[in-house]
Structure formats: structure tokens, C-alpha cells
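If you want the building blocks of each chain, they are given just below.
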Amino acid sequence: MFRVISNEEIAPQLNRMVIEVPRVARARKPGQFVMVRCSAGRERIPLTIADDDPKAGTITLIIQAVGTSTKEIVAVPAGGYLTDVAGPLGLPTEIERLGRIACVGGGAGTAVLFPLAKALAQAGNEVTTIIGGRSEQYVILLKELGAFSKQVFVTTEDGSSGEKGFVTLPLQRLLADPNQRPAAVYAVGPVPMMKAVSNLTRTFGVHTIVSLNPIMVDGTGMCGGCRVTVAGKIKFACVDGPEFDGHQVDFDELSARQTTYLELDDHGCRLDPQLAAMQKD
Amino acid sequence: MTALTPKERLAIDRVKMPEQDAKQRACNFTEVNLGLTQERAMEEAQRCIACKNKPCVDGCPVAVRIPEFITAVAAGNFEEAARILRVDNALPATTGRVCPQEVQCEGVCVRGKKGHPVAIGWLERFVADWAAEHMPKEHPPTTTTGFRVAVVGSGPGGLTTAGELARLGHKVHIFEALHDTGGVLRYGIPEFRLPKAVVDREVENLRTLGVVIECNVIVGRTLTVDELAVAFDAVFIANGAGLPMFLDVPGENFKGVYSANEYLTRVNLMGAGQDLKGGTPIARGETVVVFGGGNVAMDGVRTAKRLGAAHAICAYRRTRAEMPARSEEIAHAEEEGIEFHYLLAPLEILADAKGWVRAVRVQKMQLGEPDASGRRRPMPIAGSEFEMPCQIVVVALGTTANPLLTNATPALKLNKWQNIVVDAKQATAMAGVFAGGDIVRGGATVILAMGDGKVAAFGIDEYLKNKIPKHQA
Ligand SMILES: Cc1cc2nc3c(=O)[nH]c(=O)nc-3n(C[C@H](O)[C@H](O)[C@H](O)COP(=O)(O)OP(=O)(O)OC[C@H]3O[C@@H](n4cnc5c(N)ncnc54)[C@H](O)[C@@H]3O)c2cc1C
Ligand SMILES: Cc1cc2nc3c(=O)[nH]c(=O)nc-3n(C[C@H](O)[C@H](O)[C@H](O)COP(=O)(O)OP(=O)(O)OC[C@H]3O[C@@H](n4cnc5c(N)ncnc54)[C@H](O)[C@@H]3O)c2cc1C
Ligand code: SF4
Ligand code: SF4
Ligand code: FES
């Protein structure tokens, strides 16, 4: 049982939770995640460790309540408990001093980006941050990222904050300007966004790292459910990743695999009319 | 009771294991074998002719004193039988159910030369279940040594070592990566073969012995082996095999393709398929094809049937004779209506427009010359390719060593398969650190993992003999 120290809603359906997990707080490095099971009988889901406080023995999670498990987790109040928190898992980000770096976050992916951007800045890199969201209220961690970024660009799909459009707009300008072109780009967000960023940076030949979010079961390499195709080879995102070279990732396959359980009914049968009819007779 | 003459013993037929009706059990997850009654067990025990040279004992990887315990069963002295069994085997309720007896103890039983071997496994299970019901729980030893030992992994290897060390008076702390105990006994082998109540019982027994079990600790990540080696007087590593292998054919990442590990973990560990709202989901289909021929494949295909597949198909590259699965499981699967397609190898998995599996393209094989394993090598028959429509594919090809712990522990010596190298006492290249089970042997068996666990426990005890406990209680 792991105690929830605090839990606040920082944007619509986006919560910041501080959890007491002393060993994970001590061992974690940027880029790593934990597997969380809210209560007995529930799913195990992966969540990135956004921050830590080893002295207090706590980690911070930033959770977007998208489905059953995440909704149940964010419903646990301060003083309550999460049944299982295991980690830190995944390979830590390779934090190098590269000079100019662009960190691109989309939606809740910004939460996953945050610890990377912070570590990259601490390592002496000049970090430009680009964050995007559907509308103003989905642009998260602006102040926190601003604290160590040289500059921050904001984009929203409806133009309610920053530039109207996608994160690729300011990124394109950076890439096109030889005086601003980053040595590397880190991108975390929905799969279509990471794909768009990777396609863009490929044309400029700028190394790009993305953090993949396939469905996971154990998070320790035991099930292979998190497999992704990178440079034509099967990789397990939980032990070989979650960060990979964006120019080598098969994003379409990842998108398809992520929808697996959305296309099933309560019994696990496919929501395919033809098949459903077949099963009746 | 007057002792039977050898002739009278030879006249008794092998007992039949009462089973759940095949039609009924193919729709539920409760255990297939119902267990022997006392009378049937005693009668079966009388079939043993107590051979002088005891070939059965040589056939058992941990040399269970088979004729001795069986003689006690024949006399109706089950308590005595349980005590004898316990000396060599820490988890008899488990091994009695899952050991491949036909290639071990029963495979060399003299009675098997003419007719059927003594049902050693079923008797072992009978005695263990009887003991769990009738004998008092073990107590922790009254004297403690003050030594503390860390055990990594709560599979059969870890559980066995922990039990033996606790009985020797050492304080044991098990660290388990998952949220529940038992390793493959919990997440791999299904309830219908090994009820989880049996695993719970073994774990409870360890707790009574004073063993502390902590879940959600991934050694190599949450804590390192080096940290454990500093904090504890000795360490035993039994983190199992791990990484599932895939077919390496196109289409393997389409929706509806599972590794057996994932398929079984979702059902056994996470309770998928029980229609728990908000619980772990699993995809079902009319036709499920499982590739492989071992225990894992049998467990996968029989689970698919129980999840409602109209056609649960096991596709294997060789023939029934070469299948490595326990013969009892193959027979049970056949009774349950599992469809076996032999001499068939996958070429490609095909999907519909939405990326869901719709068929596998397979090729017929024929057996050629024996390969390195002594089994005849399957050879493709040109022009024999065809498509098998299906909605779910489960890949049960085995596992390779999980590098998570070993990568974080450079001082351990590994072989070319990334398994940990140990000596005859299960000691690794790191002082005070021992290892056993699948992480040392590659995918092996429950009894071999337990055997390693026991050897390691004595190795650790000996290692600690001339040391002083690091932490005075
Ligand atoms: C390494 C890793 C780190 C992650 N870190 C975070 C984090 O810090 N904060 C956070 O909010 N989320 C994070 N996620 C995503 C999070 O695990 C999923 O949102 C969660 O599993 C969804 O579970 P659910 O039951 O709430 O939703 P479900 O009911 O299962 O699904 C609801 C919606 O979420 C999508 N979804 C399902 N699984 C995933 C997934 N694994 N990744 C992305 N979308 C998914 C579905 O397509 C669907 O639209 C991370 C995922 C990975 C693999
Ligand atoms: C589906 C299936 C069916 C099988 N059927 C049979 C059978 O019928 N008969 C038979 O004899 N054998 C069978 N086997 C093989 C047998 O189960 C294994 O050989 C045996 O379980 C190995 O025991 P172990 O203790 O080495 O490892 P495991 O049982 O694999 O246990 C290892 C434990 O360590 C934990 N762990 C892993 N990494 C870490 C870490 N870094 N830190 C902490 N904990 C960790 C794991 O979560 C797990 O609980 C089967 C295997 C499978 C998968
Ligand atoms: S442990 Fe296994 S091999 Fe040994 S006697 Fe028991 S069933 Fe037979
Ligand atoms: S070989 Fe068979 S008959 Fe002989 S002692 Fe062993 S179990 Fe009994
Ligand atoms: S989540 Fe199971 S192997 Fe990655």
C-alpha cells in the first residue's frame, strides 16, 4: 500500500499526485516510469515519474484521466492509498550535453516530457520548450517548464492560447533557422504528434527522441505486450525503452495496437458487425 | 493388514484419477483432476513393489524417497508419508500436479515395463493435500541464527530456498517484482491445472515460518543486488526466465496476437476473462490458434477454449510424439476438444483493414533427420502453404533470459544465453550471492528450480557458518 500525500487537479482531468514510495524516489532517474495498480482486481498501468523528492521519499505523477484505471487513480484523495506502485522501470534518458535542444510536449505528454527537459537543462543544455494542447486549459506545466527553459512556445488547436495550430509550427521555424536549429529534439505526446515531429525533423536531419506509450501489462519484459517495431526489429518498450529514435519507429503500428481494447465489447469480442453476426449463429 | 505378495501387487490395475467431465470443464477454470480418495490412494500405493535398486528415485531430479513414502501410504500412515516426502520436496502439492512424471519418476518405474507405472505423482499430490488438511502448521524454529538472507523472486526456486533457510533459523526476506507471489505457478500455470489455493497455502506456510514477503520490488531497479549484498548476509536470485520469444514472421504485431506469457498473465494474474468491469481485458475470438507444443502451448490453448473459443487450435511443427508437453495435459486437451494440427509451421499472420488478425498463412512440414536435440527436424513441404482463418494467435515458443536484473549487476558471470553461471552449490561469481531456477538453467521445470533452491539453501547455510551476522538483532 502506498500513501497518496497530495492530489490536485491542475487542468481538466489532469491531476498531479504525490505518492510516498521511498525506494523508487531514491532510485529513479529521468525517463523512468512506475506500474500502478489502484486496487485489487484492477489493471496495472504505466505512469511516468514526473519528479521526486528523495528526502521526503515521494514521487510525483501527472495523470490524465482518460479511462477506467486513470479515473480510479485520480479519484484517490490525499491520505488514501494505491495498492501497488512498482518501479522505477524503463531505461533512463541518456542525458548528454548537446548544446541546443528542443523539447516538444503534447497534452498529457508534457508531463512525461517535464522530467527529461529538467534533466537536460540541469546538464547544461540550452532548452527550448514547445508545448501544445487542444485549448488553453490543456496547456500544462507552463510555469514549471519556463523555470529552466530559455524560451517557451505555446500552441493550441483553437488558438485560445499562444499560436493557433500544432507544435510543429514553431518547431519548423527553429529547424529552418540555422542560428536556432537544435542539436536534438525530444518529443512526447500523442502518437500522431510524435509521428509528425519525427517526419519534420527527418527532413532536417536532426536526431529525435520520442517516448512511446504502448499498452503494458507487467512492465518488466515478461509479457511482450508492449512490443513496438523500431528499425524493423521488435523492441519491448518497457525494457528497451520507452525512449527510441523517432526516425526509426513504426508509429502506425503503435497507433493500431493502442486501440486494441477500445474495439472490444465487455466480453472481449471484437466490435465488428460481421463477426458479431457470425458468433450469433 | 497383511502385506500383499508381489503377485497380488502386480494384479492391481493402475488407479484412475477422477476428473471433471471434459465438456463441463472446458467451460470453467476449476481443477481438472479431482484427487484420489484415501482408499484409492492406498490401493494404488500397494502396486509399488519396493524395488531394491529404486530406479524411480534416480528418475526424480530431487531424489524423493519414493518407495518409502509410498509404503507409508499403503499402510494408511499418511502423516509418516508426508514427513518422508517433505525431506526432499518442499512443494509436493505442486510437483505432484505439474512434474513431467512420465519422463522422470514414473518413466523409469519398474511397473511401467509391463503395463502402467505406479502413479507416483498422484500419490505425492494426495499426501500433500492430505497433510495440508490434517497436519498442524509448521512453527518457526525456536533458535535463530541472526543471519538475514534476501531472496529475489517468489517462484518455486525462491519459495523453496526461503523455506529451507527459515527452517535453519535464518531470517528470510523475499523481494518479488509483481504484485503477487508464486512466479510462473501464479501467472503462468492456469487454475485448472494448479489451483492458486495451493500456491497461497505454500506462501502462507512460509509466512508462518517467519519469512517476510515484499511485492512490488524489482531487483536491479528498485533495489540492486549490490545493495542487497550489503544489507543482507547472503542473497539468492531466482528471478526466472522471462522474455518471451516471438515467431519472427510478418504480421506478428497485429491486434489479436499475444505471447503466451501475456495471454496467460492477463487471465491468471490479472483475472481477465472473468467479466470484471474495469479489470484487465483480453481479446476473444471464434478461432484461436496457438503455436507451440510444450506445457505453455497446452495452457494457452486450453485457456482459449475456456474463454469461449469454438475452435481452439494447437499448431505444432512436429508430431504428437515429439511434443514436449506433459502427456496428461495433451490427453486432457484432446478430451476437451482442442484441435491439434501437427506438422504445421507459420509463415505469416494476416490482418483485416483495421489491423486485427484474420488468418495465419501456414505451411505443411515433414519430419527429416534428427537434429541436435535428437528430435526429427521438421522440413517444409514446398507448395503446401494455405491460410487458416482465425481471430487470435498465441505464440508459445518459450522464453529467453530477462536481462533486467543481470544488466544491473555486472559482477555476475553470465553464459552466452545470458543465464547466470553458478557452481555446484549454486554460488555465483559474487561472494555470498547464489542463484538457481530458470535464470540459471534457461526455461526448465518447477522441480529443477526447487532442487536448485534447496542446494542453494544449504550452500548459503554453509557459507554463513564462519561469518558473523551483519546486523545484531
Ligand atoms: C511508459 C509510459 C508512460 C506513461 N506515462 C503517463 C503519464 O505520466 N501520465 C499519463 O496520464 N499517462 C501516461 N501513460 C499512459 C497511461 O498509461 C494510459 O493513459 C493508461 O494506461 C490508460 O488507462 P485507462 O484505463 O485509464 O484508460 P483506457 O480505458 O484503457 O483507455 C482510454 C484511452 O487511453 C488510450 N490508451 C490506453 N492505453 C494507453 C497507453 N498505454 N498510452 C496512451 N494511451 C493509452 C486509449 O487509446 C484510450 O483513448 C504512459 C504510458 C506509458 C506506456
Ligand atoms: C505457462 C507455463 C507452464 C509451465 N508448466 C510447467 C509444468 O507443467 N511443469 C513444470 O515442471 N514446469 C512448467 N513450467 C516451467 C516452470 O514453471 C519454471 O521452470 C519454473 O517456474 C521456474 O521457477 P523459478 O523459481 O526459477 O522462476 P519463476 O517461476 O519464473 O519465478 C520468478 C519470480 O521472480 C520474479 N522476478 C523476476 N524478476 C525479478 C526482479 N528483478 N526482482 C524481483 N523479482 C523478480 C518474477 O516475477 C517471478 O515471480 C511452465 C512454465 C510456464 C510459463
Ligand atoms: S518431485 Fe516430481 S519427479 Fe520427483 S517424485 Fe515427485 S512427481 Fe516424481
Ligand atoms: S520403481 Fe516403481 S515399483 Fe519400483 S520402487 Fe519405484 S515406484 Fe515402486
Ligand atoms: S509490458 Fe510486458 S514486456 Fe513490456
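The model shown is predicted, which means the values in this text are computed figures rather than measured ones.

### Focus: the overall build of chain B
Working step 1: Helices and strands together make up the secondary structure of chain B, namely 18 helices and 16 strands.
Working step 2: Relative to a compact globule of 473 residues, whose C-alpha radius of gyration would be 23 Å, chain B shows 23 Å and is just as compact.
Working step 3: Evaluated residue by residue, chain B yields a buried proportion of 58% over its 473 residues.
Working step 4: In chain B, the proportion of contacts linking residues at least 24 apart, taken out of those at least 6 apart, comes to 70%.
Working step 5: Surface exposure of chain B reaches about 19200 Å², of which carbon and sulfur atoms provide 55%.
Working step 6: Side-chain charges of chain B comprise 54 positive and 54 negative groups, with the mean position of each set lying 2 Å from the other.

### Description of the overall build of chain A
Working step 1: Looking only at helices and strands, one finds 9 helices and 16 strands in chain A.
Working step 2: Overall size of chain A, expressed as C-alpha extent along the three principal axes, is 65 × 50 × 40 Å.
Working step 3: Long-range contacts, defined here as pairs at least 24 residues apart, represent 63% of the contacts in chain A between residues at least 6 apart.
Working step 4: Accessible area for chain A stands at about 11600 Å²; split by element, carbon and sulfur atoms hold 51% of it.
Working step 5: Within chain A, one finds 28 positive and 30 negative side-chain charges whose respective centroids are separated by 4 Å.

### Examining the interface of chain B and chain A
Working step 1: Listed as interface residues are 48 residues of chain B and, on the opposing side, 51 residues of chain A.
Working step 2: Of the roughly 4200 Å² buried between chain B and chain A, counting both surfaces, carbon and sulfur atoms make up 52%.
Working step 3: Summed over the three residues of chain B that lose the most area to chain A, namely Arg221(B), Asn253(B) and Trp356(B), the buried surface amounts to 17% of that side.
Working step 4: Viewed at the interface, chain A and chain B are joined by 2 salt bridges.
Working step 5: When contributions to the side of chain B that touches chain A are tallied by element, the ones reaching two or more residues are β5 (242-244), β6 (257-259) and α13 (260-269) of chain B.
Working step 6: In terms of residue class, the side of chain B that touches chain A is made up of 22 nonpolar, 14 polar and 12 charged.

### Overview of helix α3 (residues 109-122) of chain A
In an α-helix, one full turn covers 3.6 residues, which means residues spaced three or four apart are oriented alike.
Working step 1: An ideal rise of 1.5 Å per residue puts 20 Å on 14 residues; α3(A) measures up with 20 Å between its terminal C-alpha atoms.
Working step 2: In terms of residue burial, α3(A) counts as a mostly covered element, since 11 of its 14 residues are buried.

### Considering the site of ligand 4
Working step 1: Near ligand 4 you find Cys48(B), Ile49(B), Ala50(B), Cys51(B), Pro55(B), Cys56(B), Pro67(B), Cys109(B), Val110(B), Arg111(B) and Ile120(B), and these make up its full shell.
Working step 2: Looking at side-chain class alone, the shell around ligand 4 contains 10 nonpolar, no polar and 1 charged residues.

### Considerations on the site of ligand 2
Residues and elements named next belong to chain B.
Working step 1: Around ligand 2, the surrounding shell holds 33 residues, and the nearest of these are Val98, Gly157, Glu176, Arg193 and Val219.
Working step 2: With respect to ligand 2, the backbone of Val184 contributes an N or O atom lying 3.1 Å from an oxygen atom.
Working step 3: Notes on ligand 2: free accessible area 1000 Å², of which the protein chains cover 93%.
Working step 4: For the shell around ligand 2, the secondary-structure elements that each account for two or more residues are α9 (156-167), α14 (295-306) and α18 (446-464).
Working step 5: The biggest single contributor to the shell around ligand 2 is α14, with 3 residues.
Working step 6: Counting only domains with at least three residues in the shell around ligand 2, you end up with domain 2 (148-242 + 415-472) and domain 3 (246-397).

### Re the packing of α9(B) against helix α11 (residues 196-208) of chain B
Residues and elements named next belong to chain B.
Working step 1: Packing of α9 against α11 leaves a shortest axis separation of 10 Å and a crossing angle of 30°. By the angle between their directions, the pair α9 and α11 is classed as roughly parallel. In the packing of α9 onto α11, the handedness of the crossing is left-handed. Together, Leu159, Ala162, Gly163 and Arg167 of α9 and Val203, Asn205 and Leu206 of α11 make up the contact between the two elements.
Working step 2: Class assignment for the residues of the contact of α9 with α11 results in 4 nonpolar, 2 polar and 1 charged.

### Side note on the sheet that holds strand β16 (residues 243-245) of chain A
All names here are of chain A.
Working step 1: Reading across from one edge, β11-β10-β9-β8-β12-β13-β16 is the order of the 7 strands in this open sheet, with mixed pairing throughout. Looking at the sheet topology across the chains shown, the edges are occupied by β11 (163-164) and β16.
Working step 2: Pairing geometry for strand β8 (residues 100-106) and strand β9 (residues 126-133), over 7 bridges, is parallel. Across the sheet, Gly105 pairs through a bridge with Ile131, a residue of β9.
Working step 3: Relative to the sheet, helix α6 (residues 191-204) contacts β8, β12 (184-188) and β13 (207-211), its axis offset from that of β12 by approximately 165°.

### Considering empty space enclosed by the protein
Working step 1: Scanning the model with the defined rule gives 8 cavities of 30 Å³ or more in all.
Working step 2: The space that makes up the largest cavity amounts to roughly 160 Å³.
Working step 3: For the largest cavity, the lining is made up of 18 residues, of which Gly225(A), Arg257(A), Thr260(A), Tyr261(A) and Glu262(B) are closest to its centre.
Working step 4: Elements represented by at least two residues in the lining of the largest cavity include exactly α8 (251-258) of chain A together with β6 and α13 of chain B.

### Some remarks on the domain arrangement of chain B
Residues and elements named next belong to chain B.
Working step 1: Partitioning chain B into structural domains gives domain 1 (6-134), domain 2 (148-242 + 415-472) and domain 3 (246-397).
Working step 2: One C-alpha centre belongs to domain 2, the other to domain 3, and the line joining them spans 32 Å.
Working step 3: Each partner contributes residues to the interface: domain 2 has 12 residues there, and domain 3 has 13 residues.
Working step 4: Here domain 2 packs against domain 3, burying approximately 1000 Å² in sum over the two surfaces, 57% of which is carbon and sulfur.
Working step 5: In terms of surface lost to domain 3, no three residues of domain 2 exceed Tyr187, Phe192 and Arg193, which account for 56% of the buried area on that side.
Working step 6: For the pair domain 2 and domain 3, the interface holds 2 salt bridges.
Working step 7: Ionic pairing is found between Arg193 and Asp299, a salt bridge with its closest N-O pair at 2.8 Å.
Working step 8: Where domain 2 meets domain 3, there are 5 residue pairs in polar contact (both at pLDDT 80 or more).
Working step 9: Of the residues contributing to the side of domain 2 that touches domain 3, the split by class is 5 nonpolar, 3 polar and 4 charged.

### Concerning the packing of α13(B) against α14(B)
Packed helices, taken two at a time, are described by the angle their axes make and the gap between the axes.
Residues and elements named next belong to chain B.
Working step 1: One way to put it is that α13 packs onto α14 with a least axis distance of 10 Å and a crossing angle of 50°. Taken together, the axes of α13 and α14 are oblique relative to one another. For the pair α13 and α14, the crossing hand works out as left-handed. Contacts from Ala260, Tyr263, Leu264 and Val267 in α13 reach Val296, Asp299, Gly300, Thr303 and Ala304 in α14.

### Structural notes on the side chain of Glu31(B)
All names here are of chain B.
Working step 1: Along the polypeptide, Glu31 turns up in the loop between α2 (22-25) and α3 (38-45).
Working step 2: Only 2.8 Å separates the side chain of Glu31 from the side chain of Arg97, close enough to count as a polar contact.
Working step 3: Polar side-chain contacts of Glu31 include one of 2.8 Å to the side chain of Arg125.
Working step 4: Excluding its chain neighbours within four sequence positions, the residues that come into contact with Glu31 are Gln20, Arg97, Arg125, Glu191, Phe192, Arg193 and Pro195.

### Description of the confidence of the model for chain B
Working step 1: Residues with a pLDDT of 70 or more make up 98% of chain B, whose mean pLDDT is 93.
Working step 2: Taken together, the chains of this predicted complex give a pTM of 0.93 and an interface ipTM of 0.92.

What counts and what doesn't
Residues numbered from 1 in each chain as written. Chains lettered and ligands numbered in written order. Predicted model: local features only at pLDDT ≥ 70, side-chain atom pairs only at ≥ 80, totals over all residues. Heavy atoms only, no water. Helix = DSSP H or I, 4+ residues; strand = E, 2+ residues; numbered from the N terminus. Rg over C-alpha atoms; globule rule 2.2 N^0.38 Å. Buried < 20%, exposed > 50% of the residue type's maximum accessible area, 1.4 Å probe, protein only. Contact = heavy atoms within 4.5 Å. Areas by Shrake-Rupley, 256 points an atom, 1.4 Å probe, with all protein chains shown as cover. Lys, Arg positive; Asp, Glu negative; His and termini not counted. Charge placed at Lys NZ, Arg CZ, Asp CG, Glu CD. Buried area = accessible area lost by both parts, 1.4 Å probe. Salt bridge = Lys/Arg side-chain N within 4 Å of Asp/Glu carboxyl O. Nonpolar A, V, L, I, M, F, W, Y, C, P; charged D, E, K, R; others polar. Expected span 1.5 Å × (residues − 1). Near = heavy atom within 4 Å. Polar contact = N/O pair within 3.5 Å; in protein donor to acceptor, adjacent residues only side chain to side chain. Domains from an automatic or database assignment. Axes fitted to C-alpha atoms, helices over the stretch in contact; angles between N-to-C directions. Parallel < 35°, antiparallel > 145°, perpendicular 65-115°, else oblique. Left-handed = near helix turned anticlockwise from the far one by under 90°. Pairing = 2+ DSSP bridges. 1 Å grid on protein atoms, 1.4 Å probe; cavity = no way out; pocket = protein on both sides within 12 Å on 5 of 7 lines; lining within 4 Å. Points joined across faces, edges and corners; volume = space filled by probe spheres on them. pLDDT = per-residue confidence, 0-100.

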